[in-house]
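Each chain is listed here by its residues.
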Amino acid sequence: MQNTYTLHSYIMHPPPTLFSSLTDLFPKATMAASYKFLLALSLSLLVSSAFGVRQQHLRLSNEQQCRFQRLTAAQPTQRIESEGGTTELWDENHHQFQCAGVVAMRNVLKANALSLPNYHPAPRLVFIEKGQGFIGISFPGCAETYHAYKSQYTRESTEAWEQKQKGSVRDLHQKVHRVRRGDIIAIPAGAAHWFYNDGSEEVVAISINDLNHQSNQLDQKFRAFYLAGGVPKSGQHEQSRETFQNIFQAFDSNLMAEAFNVPEEIVRKMQTEQQERGLSVIVRERMSFIRPEEEQEQEREREGRRSEDNGLEESFCAMKISTNTENRREADIYSREAGKVHLIDSHKLPILKYMDMSAERGNLYPNALLSPDWAMLGHTIVYVTKGDAQVQVVDHSGQSLMNDRVNKGDMFVVPQYYTSTARAGENGFEWVAFKTTGWPMRNPLAGYTSVLRAMPIQVLTNAYQISPNQAQSLKMNRGSQSFLLSPGGKQF
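Residues numbered from 1 in each chain as written. Predicted model: local features only at pLDDT ≥ 70, side-chain atom pairs only at ≥ 80, totals over all residues. Heavy atoms only, no water.

Enquirer: Teacher, can you tell me more about the overall build of the chain here?
Expert: When you go through the chain residue by residue, the secondary structure sums to 14 helices and 24 strands. Residues classed as buried in the chain amount to 47% of the 492 residues present. Excluding contacts between residues fewer than 6 apart, the proportion of contacts in the chain whose partners are at least 24 apart in sequence is 75%. Looking at the chain as shown, the accessible area adds up to about 25600 Å², and 51% of this sits on carbon and sulfur atoms. (Helix = DSSP H or I, 4+ residues; strand = E, 2+ residues; numbered from the N terminus. Buried < 20%, exposed > 50% of the residue type's maximum accessible area, 1.4 Å probe, protein only. Contact = heavy atoms within 4.5 Å. Areas by Shrake-Rupley, 256 points an atom, 1.4 Å probe, with all protein chains shown as cover.)

As structure tokens, this is what we get:
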């Protein structure tokens, strides 16, 4: 029987005749290009595997099967105090978070504080609710910034940075990103990252980790692997000490000293020096980094989108990791009477196609409504950033799972296919929502793009036993409004 090969098997385990066939097909002058082509395919496969694109539905345990009678807004249940700030966690065993397969965190970082380097086995989306700072994400195999970008402005920025260092050791590192209030940041699974608050106010960051993503081959328990620091042994919850610890402390110091080719004294400091200071520390002196100016960086990103990708470095190492949602003019959905919504998916942030996650940030004006709808792909985790709203969620049995008022700091889950709606309070309603899919699709029940408007009048008259005029009103009375509905059924 003749053997068959997939593309992956050709790359990872080529048949014996492959390279001899290439020699017959191509002149020797073009053989180098052929090998480069095969190498590029191999790298692409490795990158996809590293990010762990979700390709199959993971079997859920009994606790994760979205079997509950009630949904309620939740607040964090654990708090970890560190020198540089606090880390708060929502209860990952709560039924709604088990259903969505996520872990939620809120980090508060003081001015001039550093959140210590760590990585985790699941992709993470972060929303900067307050403040600004720098974030660094280290991608394996990518060059340091100075070598990755050979443009004039990078050299000038580097020279200015070196002058500020007053003759100290020259530093090379991967790209450092400026982030600020309103940013959505994507952190892939397994990528080591850190955050530095260089501003004068606290940074508040809300994070969602998708434990159901295929990159997490462990279990549904959240883990963070810290490269420095760790939860102090006294005065903290036992579960927190198990989740946040320095991985270096368990290694043999002699072995690590040999691996890094440094004195053992340095390794012992790596293992214990920062542990009692927690997960974040106050830095001794203000830090500065080699990085291009923000305006020039944005111009380079625009130029990059207009040009074709240039292999692994262009499409992976230089990939954009954040986008801002503060500009009203850039809103994807806007209503003068009802509010605005920013959608963050793989079109705006291409790295999300590898993470299979997305987000939205919304602002609902006083007493305005969100059209009743359901999400066709993925669960939705909603965090209230300002104001309040009356939220309703209904399941497949017609039971009301939630009919509560939510306020700033609350978080709740709307499971996939469950229908939900919200009416803003007198002070309006602002939220950020994280979704466990890279392709968010919503099916509204009311408005211009609604399910009912797409149906023939005769279907509605027979389904609801109403007159044709009533069916016409049901379809058309919201005019051109869609998703965001003005209060009082105002017409346009």
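Enquirer: Sorry, what's going on with the pattern of salt bridges here?
Expert: For side chains of opposite charge, pairing can occur when their charged atoms come near one another. What the rule picks out here adds up to 16 salt bridges. The partner of R79 in a salt bridge is E88, with the nearest N and O atoms 3.1 Å apart. The class of R79 is partly exposed, set by a relative accessible area of 48%. R181 is the partner of E326 in a salt bridge, and the nearest nitrogen-oxygen pair spans 3.2 Å. (Salt bridge = Lys/Arg side-chain N within 4 Å of Asp/Glu carboxyl O.)

Enquirer: What am I meant to see in the sheet that holds strand β2 (residues 85-89) here?
Expert: The strands that make up a sheet are held in pairs by hydrogen bonds between backbone atoms, and each pair lies either parallel or antiparallel. The seven strands lie next to each other as β1-β2-β3-β10-β5-β8-β14, forming an open sheet whose pairing is antiparallel. Single-partner strands in this sheet number two, and they are β1 (78-82) and β14 (322-324). Adjacent strand axes in the sheet meet at a mean angle of 20 degrees when their direction is disregarded. (Pairing = 2+ DSSP bridges. Axes fitted to C-alpha atoms, helices over the stretch in contact; angles between N-to-C directions.)

Enquirer: Would you take a moment to explain empty space enclosed by the protein for this structure?
Expert: If a probe as big as a water molecule is rolled over the atoms, it shows which places are left empty. Counted by the stated rule, this structure contains five cavities of 30 Å³ or more. Taken as a whole, the largest cavity encloses approximately 360 Å³ of empty space. If you trace the largest cavity, you find 25 residues lining it, with N107, S115, R124, F195 and A205 closest to the centre. Those elements that place two or more of their residues in the lining of the largest cavity are β2, β3 (102-109), β4 (113-119), β5 (124-130), β8 (183-187), β9 (192-196), β10 (203-210) and β11 (224-226). It is β3 that contributes the most residues to the lining of the largest cavity, four residues altogether. For the lining of the largest cavity, the class distribution of residues is 16 nonpolar, eight polar and one charged. Volume-wise, the second largest cavity comes out at about 260 Å³. (1 Å grid on protein atoms, 1.4 Å probe; cavity = no way out; pocket = protein on both sides within 12 Å on 5 of 7 lines; lining within 4 Å. Points joined across faces, edges and corners; volume = space filled by probe spheres on them. Nonpolar A, V, L, I, M, F, W, Y, C, P; charged D, E, K, R; others polar.)

Enquirer: Is there a simple way to think about the side chain of N118 in this case?
Expert: Tracing the chain through its elements places N118 in strand β4. A distance of 3.1 Å separates the side chain of N118 from the backbone oxygen of L116, its partner in a polar contact. In contact with N118, not counting residues within four places along its chain, are A191, A192, H193, A224, F225, Y226 and L227. (Polar contact = N/O pair within 3.5 Å; in protein donor to acceptor, adjacent residues only side chain to side chain.)

Enquirer: Please explain the packing of aromatic side chains as it appears in this structure.
Expert: When we look at a pair of aromatic rings, we describe it by the centre distance and by the angle of the planes. According to the stated counting rule, one finds six aromatic pairs in the structure shown. Among the aromatic residues, those joined into a cluster by ring pairs are F222, Y226 and F244. Just above the ring of F134 sits the side chain of R178; from NZ or CZ to the centre is 4.1 Å. (Phe/Tyr/Trp six-rings, centres within 6.5 Å; stacked < 30°, edge-to-face > 60°. Lys NZ or Arg CZ within 6 Å of the ring centre and 35° of its normal.)

Enquirer: Explanation requested: the nonpolar core in the structure shown.
Expert: Most often, soluble globular proteins keep nonpolar side chains buried together rather than apart. The biggest cluster of nonpolar side chains holds 46 residues, and the ones touching the most others in it are L125 and M411. Ranked by residues supplied to this core, first place goes to β10 with five residues. The residues contacting M411, other than those within four sequence positions of it, are T72, A73, A74, W90, Q96, F97, A104, I206, I208, I381, V382 and Y383. Ranked by size, the runner-up nonpolar core spans 27 residues in total, among them A368, L370, V406 and L484. (Core = buried A, V, L, I, M, F, W, Y, C linked by side-chain atoms within 4.5 Å.)

Enquirer: Sorry if this is basic, but what is going on with a nonpolar patch on the surface here?
Expert: Taken together, the side chains of L377, W439 and M441 define a hydrophobic patch exposed on the protein surface, amounting to about 310 Å² of accessible area. Of the residues examined, M441 reaches a relative accessible area of 44% and is grouped as partly exposed. (Patch = residues over 30% accessible without salt bridge, like charges linked within 9 Å, V, L, I, M, F, W, Y side chains within 5 Å.)

Enquirer: Before we go on, may I ask you to explain the state of the cysteines in this structure?
Expert: Formally, a disulfide is one covalent bond, and it connects the sulfur atom of one cysteine to the sulfur atom of another. Enumeration over the complete set of coordinates arrives at one disulfide. Paired through a disulfide, C66 and C99 show a sulfur-sulfur distance of 1.9 Å. Its S-S torsion of approximately 85 degrees makes the covalent link between C66 and C99 right-handed. One end of the pair, C66, is in the loop between α3 (31-51) and β1; the other, C99, is in helix α4 (residues 95-100), and 33 residues separate them in sequence. Given the relative accessible area of 17%, C66 is considered buried. (Disulfide = S-S within 2.5 Å.)

Enquirer: Would you mind showing me how to read unusual backbone geometry here?
Expert: Most peptide bonds adopt trans geometry, and most residues besides glycine take a negative phi value. Backbone geometry places N112, a non-glycine residue, at a positive phi of 60 degrees. Among the secondary structure elements, N112 is positioned in the loop between β3 and β4. Unusually for a residue other than glycine, F483 sits at a positive phi of about 70 degrees. Structurally, the position occupied by F483 is in the loop between α14 (468-476) and β24 (484-485). The class of F483 is buried, set by a relative accessible area of 8%.

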